[in-house]
Amino acid sequence: MTQRSILFFIIILAGVAVNYIFYITPLQKEISGFESTISSQRAKLSIIETKLSGPEAQKIVSEYADIEKTLSELLSEKETTVQSIGDLDREIAATELEILSLTSENDALTKVTLPPLP
Amino acid sequence: MTSLKTKHSIIAGFILGVTIFGCVSINLYYLKKQRDIRAANTVLSEKIKESELLLRSFEEKTTLLPSLKMTLASTSAELEKVRMDKTDRKNKLLNLQKQKKDLEKSTESLRSRTFPPGAERLVFAMTLKAPSSASLSLSNLGFGDQLYDEEGLIAGEKEFRQTGTRPSNIPNSGDLETFELWDEDGLVGREPTLQYSAWIGRLSINFQKVRIYIPAGKMKKFYLKAKISESAKIGNRHGIGFNGADFAGGFHDQNEVEKTVIAPIFSIGNTPTPSVQFYPDFEFNGMPWPLNKSRTVYWQVINPPKDAKIAVVLQNLLTKETYVMKENLSPYDRHVTTSPSSTKHCLSANTNCFSLSFALYNVKVVLYRGEQYCEKNCPEGFDVVSVAGTSKSFLIGPQEKYSQNADLIVKSFELTPSPFMWKGKGTLTIVFKNIGTEPVTENNIRFRTHNIHYLGGIMVFDNYIPKIPAGGEFVYTQTIDNDPPKLAPGEINTTYKYYSLALSCSPEGTANTLQTIIDVDNVVAEIDEQNNLIEKIIYCKS
């Protein structure tokens, strides 16, 4: 082996070492950090999912949805009923007016009926 | 030496190449791994965000649930109140409609009778009812004909108003001649004694020596027939009344005789006034007309105008939409049958099927001239003739049938105390039972209690029952009042929330028949539709 050959191998080894130390090692650290974050996030997600998919939670969600649906139906029926009450009130007012007019005509006509019997 | 150098250079180059390639490959591997793990981390972060949102929403729901339940309860209570308000309004409207109907009937009879000179007509009708405790033997029935001018003033009244002096000798109009007295069985008297009072322009018509018997508690109709003189004065009005009768057999108190005078006024006229009279069969008494059930409307055109045709139309009182049931009828046609239907049933129906909704309708008899009946933008020559009394209101029910094997009955009907006191208060208990093999599934089953002591019956009250399982019962109790002077029959006393029974108490101990019908709107399709009624006789004590 010549001195040049030895120098050549040293330079190559130095290059490889520099690449490992200044490039690959930080990358590995970063990757390892991400892996640890992912692991903790998975654990967190698992806790949330367990919480949301439990029978108690399902019951609450379903009960809430049922009540919301019933409430919406009741409100809609109430609105319809209030509207029909309005219609009935208008009809009542119209009928009362008609009765008033008929009563006055009836009174006028009745006045010409016979006087009391002698 | 040279070839050795070359060989070394080649080896060194190869080693350098392999080393560079190895480094680059490793670098690329770690770069890819870094990219993948970043992407996975981003996806996971998004998922966590979504899950957190879901969790927050769930926590909100958990917090809101108790207040939502309270809102639901209060909304249910409000809805119940609104429903009750609606029922109250409906009841009020039905009462008003009945009142209106009675007024229309009375007004019609007062305003629409016109007889032409030369005609022979029934000019007066009345009923006499014997007391329930004694029969009546009548002789010498007397009637009076009071003359009015065309303005409706008693003869001589106009002069009195103008001059301040009443004429002492009002000439007899001579409008009426050839009187005859008829009852339901035929002629009972003719050639009455006529006596004229010139002071008040009143003609007394006495049928002497008639012999008429009315059994205790029974009623008899009397008709006075007359010929309108050829020279009768157009515009004169005549008011005819009952002057009284002699009672044989020791009974003389005329106040005990119930009398009902029908149509006491008529006018002399060239052109008889046309009017429409609905037959009593078409008395709904506020009872809804269920969908898909055919009903017949009966009417009669009195004094039909020349060339007029008839159309019978239904009109929704709210939307004013109209449906022609039948047109091109002659004035002598008197009925039409139709079946108001839901949209579903109309799809397969042939004729006279209307898609109607739950609402108040008028059935109108329209007299018109023209080729065909028309409502808007009518052609020339089309003309609606103005005629009195052409419409009747009724309710069309929304019911469809569901049950097939339910069967509702009124099991019992008790009123305490017994006898019921005049102006008294008491309790009514009605037991309803489903004797069928299936439960009743409908929500809107109504029952109604009538006092049928009166002609046509008077509604005391109505209400709804809940769903009843097969074999199950429902007991209804109601505080009840009998104070007719304060309450119209069937009217709710808003102060005490009592209902009036409208019992007739004259004479004391009068038997009133109360009737309760379940499923009056025919909502339930029952095994037996004929067993829905119960009757109870209630005695009234003063």
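Please refer to the structure higher up on the page.
Residues numbered from 1 in each chain as written. Chains lettered and ligands numbered in written order. Predicted model: local features only at pLDDT ≥ 70, side-chain atom pairs only at ≥ 80, totals over all residues. Heavy atoms only, no water.

1. Re the overall build of chain A
Here comes step 1: For chain A, the count of helices and strands is two helices and zero strands.
Here comes step 2: Counting only carbon and sulfur atoms, one obtains 64% of the accessible surface of chain A, whose full area is about 7,900 Å². (Helix = DSSP H or I, 4+ residues; strand = E, 2+ residues; numbered from the N terminus. Areas by Shrake-Rupley, 256 points an atom, 1.4 Å probe, with all protein chains shown as cover.)

2. Re unusual backbone geometry
Backbone geometry follows two general trends: most residues other than glycine have a negative phi, and most peptide bonds adopt the trans configuration.
All names here are of chain B.
Here comes step 1: The residue after Thr-416, namely Pro-417, is reached through a cis peptide bond having omega -5°.
Here comes step 2: Locating Pro-417 in the fold gives a position in the loop between strand E22 (408-416) and strand E23 (420-421).
Here comes step 3: We note that Glu-191 has phi near 45°; this positive angle belongs to a residue other than glycine.
Here comes step 4: You can see Glu-191 is positioned in the loop between strand E5 (186-190) and strand E6 (193-197).
Here comes step 5: Positive phi values are uncommon outside glycine, yet Asn-377 reaches one of about 45°.
Here comes step 6: By the secondary structure assignment, Asn-377 is in the loop between strand E19 (359-369) and strand E20 (383-385).
Here comes step 7: For Asn-377, a relative accessible area of 80% gives the class exposed. (Buried < 20%, exposed > 50% of the residue type's maximum accessible area, 1.4 Å probe, protein only.)

3. Regarding the packing of aromatic side chains
Any two aromatic rings considered together are summarised by their centre-to-centre distance and by the angle between their planes.
Residues and elements named next belong to chain B.
Here comes step 1: Counted by the stated rule, this structure contains 11 aromatic pairs over all chains.
Here comes step 2: Between Phe-432 and Phe-447 the ring centres are 4.8 Å apart and the planes differ by 45°, which places this aromatic pair in the tilted class. With Phe-432 in strand E24 (residues 425-434) and Phe-447 in strand E25 (residues 445-451), this pair connects stretches of sequence that are 15 residues apart. Across the pair, exposure class does not vary: Phe-432 and Phe-447 are buried alike. (Phe/Tyr/Trp six-rings, centres within 6.5 Å; stacked < 30°, edge-to-face > 60°.)

4. Observations regarding the state of the cysteines
Residues and elements named next belong to chain B.
Here comes step 1: One pass over the full model with this rule turns up one disulfide over all chains.
Here comes step 2: A sulfur-sulfur separation of 2.0 Å characterises the disulfide bridge that pairs Cys-374 with Cys-378. Because the torsion about its S-S bond is -100°, the bridge between Cys-374 and Cys-378 counts as left-handed.
Here comes step 3: Look at Cys-374 and you get buried, because its relative accessible area is 14%. (Disulfide = S-S within 2.5 Å.)

5. Observations concerning the nonpolar core
Residue and element names in this part refer to chain B.
Here comes step 1: Counting residues in each nonpolar core, the largest one holds 32 residues, and the members touching the most others are Val-123, Leu-138, Leu-141, Phe-143, Phe-222, Leu-224 and Ile-228.
Here comes step 2: For this core, the secondary-structure elements that each account for two or more residues are strand E2 (120-129), strand E3 (136-148), strand E4 (176-183), strand E7 (202-207), strand E8 (212-214), strand E9 (219-228), strand E10 (237-248) and strand E12 (265-268).
Here comes step 3: Grouped together as the second largest cluster of nonpolar side chains are 28 residues, Leu-408, Ile-430, Tyr-476 and Leu-501 included. (Core = buried A, V, L, I, M, F, W, Y, C linked by side-chain atoms within 4.5 Å.)

6. Considerations on the interface of chain A and chain B
Here comes step 1: On the chain B side, the residues contacting the 61 residues of chain A number 72 residues.
Here comes step 2: Roughly 6,400 Å² of surface becomes buried between chain A and chain B when both sides are summed, with 74% attributable to carbon and sulfur atoms.
Here comes step 3: Where chain A meets chain B, there are nine salt bridges.
Here comes step 4: Those elements that place two or more of their residues in the side of chain A that touches chain B are helix H1 (3-53) and helix H2 (55-110) of chain A.
Here comes step 5: Tallying contributions element by element places H2(A) first for the side of chain A that touches chain B, with 32 residues.
Here comes step 6: Here the residues of the side of chain A that touches chain B are counted per class, giving 33 nonpolar, 12 polar and 16 charged. (Contact = heavy atoms within 4.5 Å. Buried area = accessible area lost by both parts, 1.4 Å probe. Salt bridge = Lys/Arg side-chain N within 4 Å of Asp/Glu carboxyl O. Nonpolar A, V, L, I, M, F, W, Y, C, P; charged D, E, K, R; others polar.)

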